[in-house]
Amino acid sequence: MSGAGPGRGRRRLGARWRRRRPLRTRLALAVTAAVALVAVGVCTAAFFVVRSALYEQLDLSLTQSARLAAQRNPGSGPDVLAGECRFLAAPACAQVVPADPQDDPAAPYLLPVDATARAVAAGRHAPYYTDIVHAGHPARMLTTDYAKGRALQVALRADTVEGGIEEAAWWLALIGAAGVLVAAGLGYWVSRTGLAPVTRLTATAERIAATRDPRHRIELPPPGPPGREDEITRLAGSFNTMLGELEQSVTAQRRLVADASHELRTPLTALRTNAELLARGERLTAEQRERASLALGRQLREVTGLVNDLIELARDEEPQPLVERVRLAPLVEHCAEAARAHRPSVPVEVRVRGEVVVPGVPARLTRLLSNLLDNAAKFSPAGAPVEVELVARGGGAGGAELTVRDHGPGIAAEDLPYVFDRFYRAGAARALPGSGLGLAMARQIARAHAAELVAEPAPGGGALFRLTFGS
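Computed from a predicted model, the values in this text were never measured in an experiment.

Student: Any details on the environment of Trp170? Residues and values, ideally.
Tutor: Looking at the element boundaries, Trp170 is found in helix α4 (residues 159-194). Separated by 123 residues in the primary sequence, Trp170 and Phe47 have C-alpha atoms spaced 9.7 Å apart.

Student: How would you summarise the packing of helix α2 (residues 23-72) against α4 if you had to cite specific residues and measurements?
Tutor: Interaxial distance between α2 and α4 falls to 8 Å at its minimum, and their mutual angle equals 165°. Here α4 runs roughly antiparallel to α2, going by the angle between their axes. At the point where α2 passes α4, the crossing takes the right-handed sense.

Student: Can you lay out a nonpolar patch on the surface for me, pointing to particular residues and giving the numbers?
Tutor: Taken together, Val35, Leu186 and Trp189 make up a surface patch of nonpolar side chains, about 280 Å² in accessible area. Tracing the chain through its elements places Leu186 in helix α4.

Student: Pulling in residues and values, what's your account of the environment of Ser380?
Tutor: Looking at the secondary structure, you find Ser380 in the loop between α9 (362-379) and β9 (386-393). Sequence-wise, Ser380 and Gly462 are 82 residues apart; in three dimensions their C-alpha atoms are separated by 8.3 Å. With sequence-adjacent residues up to four places away left out, Ser380 is seen in contact with Val346, Val386, Asp406, His407 and Gly408.

Student: Before we move on, could you go through the pairing of strand β3 (residues 128-134) and cite the residues and values that matter?
Tutor: As paired elements, β3 and strand β4 (residues 137-147) share seven bridges and run antiparallel to each other. Counterpart to His134 in the pairing with β4 is His137. Taken together, β3 and the strand that follows it, β4, pair antiparallel across an intervening segment of two residues, in which Ala135 is found at a positive phi of about 55°.

Student: Explain the sheet that holds strand β11 (residues 451-457) residue by residue, including any values.
Tutor: Strand order across the open sheet formed by five strands is β7-β9-β10-β12-β11, with mixed pairing between neighbours. Strand pairing shows two members of the sheet lacking a second neighbour, β7 (348-353) and β11, which therefore form its edges. Here the strands of the sheet are splayed against their neighbours by 15° on average, with no regard to which way each runs. As defined by bridge partners, β9 adjoins strand β10 (residues 399-405) across seven bridges and the pair is classed as antiparallel. Bridging across to β10, Glu389 finds its partner in Thr403. Where helix α10 (residues 438-448) meets the sheet, it contacts β11 and β12 (463-469), and its direction lies at approximately 140° from that of β11.

Here is what the cut-offs are and how they apply
- Residues numbered from 1 in each chain as written.
- Predicted model: local features only at pLDDT ≥ 70, side-chain atom pairs only at ≥ 80, totals over all residues.
- Heavy atoms only, no water.
- Helix = DSSP H or I, 4+ residues; strand = E, 2+ residues; numbered from the N terminus.
- Axes fitted to C-alpha atoms, helices over the stretch in contact; angles between N-to-C directions.
- Parallel < 35°, antiparallel > 145°, perpendicular 65-115°, else oblique.
- Left-handed = near helix turned anticlockwise from the far one by under 90°.
- Patch = residues over 30% accessible without salt bridge, like charges linked within 9 Å, V, L, I, M, F, W, Y side chains within 5 Å.
- Areas by Shrake-Rupley, 256 points an atom, 1.4 Å probe, with all protein chains shown as cover.
- Salt bridge = Lys/Arg side-chain N within 4 Å of Asp/Glu carboxyl O.
- Contact = heavy atoms within 4.5 Å.
- Pairing = 2+ DSSP bridges.

In structure tokens, the structure reads:
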């Protein structure tokens, strides 16, 4: 356990450091490290390749020198054949070494002789190369077989090879350092250009958080071919789309609050007036008190209905636990009976073609149909029927169309785009009772049930509302 503690501490410290560094810095460091690693690896590989090539060339020269020495002194006994290799421009040093040390000449050897060289002379070891120091200078020596019981040793100065290797090492180190600097600049450029949309996204988000204004947008580059945008550009585009949706939501919320406050101001003022009037009941006649009490109750019901409608409109979707399979035909008949009882002067005609079952919340679908029927009955003259038709499509498995038509004045062309807006009331409807929320609520319930509700002028006059379920 004691050994694992420091390791975890170092990992936590590294993770904390990464979290505190900006993403641009981390990306620049990552790119720099990757390119620098490649540059150092290439330079290291190049160094070993150059070193191997130079030594191969020197070994080839030693092999050729050994052949020349053997040709000039065939069958020579143990002795030094040439010994001027201490000079850089001199030919190779050469000497013959016997397998038995007792056969060594009286004069000392110029080149070092060891047991491996005796083994080559005896035929027990393969020829080999050795790096030695001769006369204070680096040299390369080849020990190879020469004749029976003898080996030939040849050496050349290796100053040029060592100098070439050192020069190559310096050049490659310089190139590697330049590569690291270029990698650092490239990493900074990549992080700066690649993360520019992220920087703008962050600045926009911070500006929105500070000003609470979702109208800001991220600047995007000119659009390219479809499907060719990079991930950062797509992220910025998605963020702009989200901001647009947020702006619409905030605007709708503010408009709802403003409209609700405007709609509530009048009934609340009337409520207060009637309440103050009833508070001075001793000054009123019995008929006046009765009239004020009825007005107060009516206004309380209007305010209660308006508040309930606002609460329902604030709900975006239906609660899933309440969803069930609903047969539309009995539901339509039930809502038609309720509409006839509410407005006896307006007949409601229902035609059903096929059995339709849809997933939904019965109470909410009842509210939707009741709003449509109430709206149609409100604008229909006495004795003119409201026509309701339910048609099954696709075998009735969720596919259906319900139409509600009245024979009233219809919807003006300038009012048609706004009939489903909250609190919107056309000029012809402002003298009628209602808050302007019924159709808005009907469309919201329809969309929550994957249905679409539209309004259109009816052939021959009047308005027609078309509710479509499924495809």
